[in-house]
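A structural walkthrough
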Amino acid sequence: MTTSDFEYPDEAGYPDGVGTLTQDQVVLIEEVNTGDHDPTITFFVTDNDTTSTYEAISGDTVIGGLTYEVASENRLVLIAAAVYPEYRGQGVATELIRRVLDDVRTRRVTVTILCPIVWAFIDHNPEYADLIDADLPGRRNARREE
C-alpha cells in the first residue's frame, strides 16, 4: 500500500479524486508501512485526559501524540497522530499507535478512526482490526482504482 491508495477530502471537505495528505502525514504513513521495527528512541506513552491526547514522552520531552475524543464510555475517536520532525523515521509513530491500540484493547473499548496514519497502521497490522467499531468505523474514503 502506498500513500496514493488513500483518498481524503480536500480542504473544503469534498473528495477531490486524488486525496490530500499533508507532507507530515505522508512521512508517518510511510513509516508505519515500512515494517515492524523497534523504535530507536526510548519513550513511554501516557494518556493525558486533560488534552485528550496519548503523548509519547522521551525523558521529559513530548515527542509525539495521538489526539482522541471520548465518544461514549465504550468508544474513542482517534483523530490525529503526530510526531515532531526531529523524531520521525525512528519508529515512534508506529510504536505510539501500537501502544495506544493496546491500551484501547485493555480498556475494552472500540475506536472510530479519522486519522489516515492509524488506518495505515491497521492495514499493516490487521491483528488490531477487531478494535474498529463495526457501526462507526470512521472516515475511510474509497481507494482510487488505477
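Note: the structure precedes this text.
This structure is a prediction, so every number in the text was calculated from the model and none was measured.

Section: the pattern of salt bridges
All chains considered together, the criterion is met by six salt bridges. In this structure, D103 and R107 form a salt bridge, with 3.6 Å as the shortest nitrogen-oxygen distance. In this pair, D103 and R107 both sit in helix α2 (residues 92-107), four residues apart, roughly one turn of the helix. With relative accessibility at 27%, the residue D103 sits in the partly exposed group. Under the relative-accessibility criterion, R107 is labelled partly exposed at 37%. When salt bridges with common partners are traced through the structure, they connect D47, D103 and R107 into a single cluster.

With respect to the packing of aromatic side chains
What the rule picks out here adds up to two aromatic pairs. A ring pair is formed by Y54 and Y68, whose centres lie 5.3 Å apart and whose planes are at 50 degrees; its orientation type is tilted. Of this pair, Y54 sits in strand β2 (residues 53-58) while Y68 sits in strand β3 (residues 61-72), and the two are 14 residues apart along the sequence. Judged by relative accessible area, Y54 falls into the buried class, the value being 2%. Judged by centre distance (5.5 Å) and plane angle (50 degrees), the rings of F121 and Y128 are tilted. Each member of the pair, F121 as well as Y128, is classed as buried. Sitting over the ring of F43, R99 keeps its end group 4.4 Å from the ring centre.

As for α2
Over its 16 residues, α2 runs 22 Å from end to end, which matches the ideal 22 Å to within 8%, given 1.5 Å per residue. Taken residue by residue, α2 has V92, A93, T94, E95, L96, I97, R98, V100, L101 and V104 as its buried positions. Just beyond α2, the residue with positive phi is R108, at close to 60 degrees.

Quick notes on the pairing of β3
In the sheet, β2 pairs with β3 via six bridges, with the strands oriented antiparallel. Its bridge partner lying in β3, A56 is registered against G64. A loop of two residues connects β2 with β3, the two strands running antiparallel in sequence, and G59 in this loop sits at a positive phi of about 65 degrees. Here β3 pairs with strand β4 (residues 75-83) via eight bridges, running antiparallel. By the bridge assignment for β4, G64 is matched with V83.

Cut-offs used in this document
Residues numbered from 1 in each chain as written. Predicted model: local features only at pLDDT ≥ 70, side-chain atom pairs only at ≥ 80, totals over all residues. Heavy atoms only, no water. Salt bridge = Lys/Arg side-chain N within 4 Å of Asp/Glu carboxyl O. Helix = DSSP H or I, 4+ residues; strand = E, 2+ residues; numbered from the N terminus. Buried < 20%, exposed > 50% of the residue type's maximum accessible area, 1.4 Å probe, protein only. Phe/Tyr/Trp six-rings, centres within 6.5 Å; stacked < 30°, edge-to-face > 60°. Lys NZ or Arg CZ within 6 Å of the ring centre and 35° of its normal. Expected span 1.5 Å × (residues − 1). Pairing = 2+ DSSP bridges.

Interpretation in functional terms is not warranted from these geometric data alone.
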